[in-house]
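Structure assessment
Listed here are the chains, written in short residue letters.
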Amino acid sequence: MSLSLFRRGLFASLMLIVVLALGACGGGEDKATEDSSESTDSAEVSEKVFKISHVTQESHVWHKTAEKFGEELEKLSDGKMSVEIYPASQLGLEQDMIQQLETGSLDFGFLTNAYMSTRQESLNAWFMPFTFNNLEEATEMRTSEAAKEMLEELSSQGLVGLDFMFAGNRHILLNDGHVQSMDDLKGMKVRIIGSPAIQTFWEKTGAGPTAMPLPEVYTSLQTGVIDGIDIDLDALATEKYYESAENLTLTNHMTFPTVIVMGQPSYDALSPEEQEIVKEAMDNAVEWGVEEAIKREEENLNELKELGVNIAELEDVSSFDAVTKEVVEEYSSKSDLIKRFLEEAKK
Ligand code: BEZ
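This is a predicted model, so every value here is computed, not measured.

With that settled, the discussion passes to the overall build of the protein. Across its full length, the protein holds 14 helices and twelve strands. Counting across all 347 residues of the protein, residues that qualify as buried make up 50%. Of all intrachain contacts in the protein linking residues separated by at least 6 positions in sequence, the fraction that spans at least 24 positions is 75%.

Right, here's the structure in full:
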């Protein structure tokens, strides 16, 4: 063999080693980088610690689902993959989390569907009023064709949509009195989470919706800056808002999902086998989380009753019919996916 042929052969072999080594890295922080080749049995699954972030407290069912994902991941990867969870917006607001997901400095986000509905129109489907009578009905739509399409649409934002998980359905907590019919909301300053469809619904009820992040809610209720809040029972119980306002009307007017996403750079850096492990672990965790959220609906309600919260059912549900129809028509005409989601939900 000539010297130049030998050199070319050597160069090609070196390049191959570099390419293979790069392919094995990324998607989570690699543990024990120096000896990672020795510490793994299979070339397709390497040691990784993934970062997950979300906005709720550690007692909230979204956090528990993230923990469950970590357990499933460790089990399915023979202990090679694990998670670090950053709750309560520790890594910043949801817009900051998106940037971190885009750059690969964060691997997973449990993002509120409310925030994500400001970035992707179809996600407003989940907020069509009075679509679901209870949380079970809402969770059944998680595996619908329309929901899967919504997750796929997220790829245009550099995100891999993995699943939807749920907090409880939304109800209304007021400082004074209950909501017997929609008229009782006229002029009330009600805290909402920012989202196009939620804003539209609340404006049409005649209330004064005030978008506000969760950490400001407790004090705003206490000081009378707002008259009430649109909230799920899990957040109400874990954030103790009943200490400031004690009249809860069970309305089930909307459901409240989180969109679970992985950043595209983190996902692309995984081998096909690792991607499968991630998907299976998340599916197992969310299956568990959905059951847990449904169980918590009843437990939270019992706990709130025991704590002396004044609880009543919405008497005149039909007083919301006209507004519901207007919201559904408006958003169905904006997005065919929303229309199809609602058709599937009615089946
Ligand atoms: C809220 O802002 O209302 C909220 C956010 C996350 C979980 C539950 C509630």
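Right, picking up where we left off after that structure.
Taken together, the side chains of E298, E299, E303 and E306 define an acidic patch exposed on the protein surface. Topologically, E303 is positioned in helix α12 (residues 272–306). Looking at E303, the relative accessible area reads 35%, which means it is partly exposed.

Between its first and last C-alpha atoms helix α13 (residues 321–334) spans 20 Å; for 14 residues at 1.5 Å apiece the expected length is 20 Å, and the two agree. Looking only at α13, the buried set comprises V323, T324, V327, Y331 and S332. One face of α13 carries all of its buried residues, which in axial projection span an arc of 155°. Turned more than 90 degrees away from the buried face of α13 sit A322, K325 and S333, all of them exposed. On its buried face, α13 is in contact with α8 (196–205) and α14 (336–346).

Now for the pattern of salt bridges. With the rule as written, the count across this model stands at 20 salt bridges. K64 is the salt-bridge partner of E67, the closest N and O atoms lying 3.9 Å from each other. Of this pair, E67 and K64 both sit in helix α3 (residues 61–76), three residues apart, which is roughly one turn of the helix. A residue is classified by how much of its surface remains accessible, and K64, at 28% relative accessible area, is partly exposed.

Our next topic: the site of the ligand. All residues in the neighbourhood of the ligand are listed as V55, T56, W62, T112, R170, R191, I193, L214, I231, D232, A235 and F256. At 3.0 Å from an oxygen atom of the ligand is found a side-chain nitrogen or oxygen belonging to R170. Contact distances for the ligand include 2.7 Å between an oxygen atom and a side-chain N or O atom of R191. Isolated, the ligand exposes 260 Å² of accessible area, and the fraction of that covered by the protein chains is 99%. For the shell around the ligand, the class distribution of residues is seven nonpolar, two polar and three charged.

Let us now look at the sheet that holds strand β9 (residues 228–232). Spatially, β8-β7-β9-β6-β10-β12 is the arrangement adopted by the six strands of the open sheet, whose pairing is mixed. Of all strands in the sheet, those with a lone pairing partner are β8 (208–211) and β12 (310–313), marking the two edges. Between one strand and the next, the sheet's axes are offset by a mean angle of 35°, whatever the strand orientation. Looking at chain direction, strand β10 (residues 247–254) and β12 are connected through four bridges and run parallel. Bridge pairing in β12 places N247 opposite N310. Each of β6 (170–174), β10 and β12 is contacted by α12, which is oriented at about 130° to β12, the strand it contacts most.

This part is about the side chain of E72. For E72, the location among the structural elements is in helix α3. At a separation of 2.9 Å, a polar atom in the side chain of E72 contacts the side chain of N284. Excluding anything up to four places from it in sequence, E72 contacts A281, N284 and A285.

Our next topic: the environment of E299. Mapped onto the secondary structure, E299 falls in helix α12. The sequence separation of E299 and L233 amounts to 66 residues, and the corresponding C-alpha distance is 9.5 Å.

Rules used in this analysis
Residues numbered from 1 in each chain as written. Predicted model: local features only at pLDDT ≥ 70, side-chain atom pairs only at ≥ 80, totals over all residues. Heavy atoms only, no water. Helix = DSSP H or I, 4+ residues; strand = E, 2+ residues; numbered from the N terminus. Buried < 20%, exposed > 50% of the residue type's maximum accessible area, 1.4 Å probe, protein only. Contact = heavy atoms within 4.5 Å. Patch = residues over 30% accessible without salt bridge, like charges linked within 9 Å, V, L, I, M, F, W, Y side chains within 5 Å. Areas by Shrake-Rupley, 256 points an atom, 1.4 Å probe, with all protein chains shown as cover. Salt bridge = Lys/Arg side-chain N within 4 Å of Asp/Glu carboxyl O. Lys, Arg positive; Asp, Glu negative; His and termini not counted. Charge placed at Lys NZ, Arg CZ, Asp CG, Glu CD. Expected span 1.5 Å × (residues − 1). Arc of directions from axis to C-beta. Near = heavy atom within 4 Å. Polar contact = N/O pair within 3.5 Å; in protein donor to acceptor, adjacent residues only side chain to side chain. Nonpolar A, V, L, I, M, F, W, Y, C, P; charged D, E, K, R; others polar. Pairing = 2+ DSSP bridges. Axes fitted to C-alpha atoms, helices over the stretch in contact; angles between N-to-C directions.

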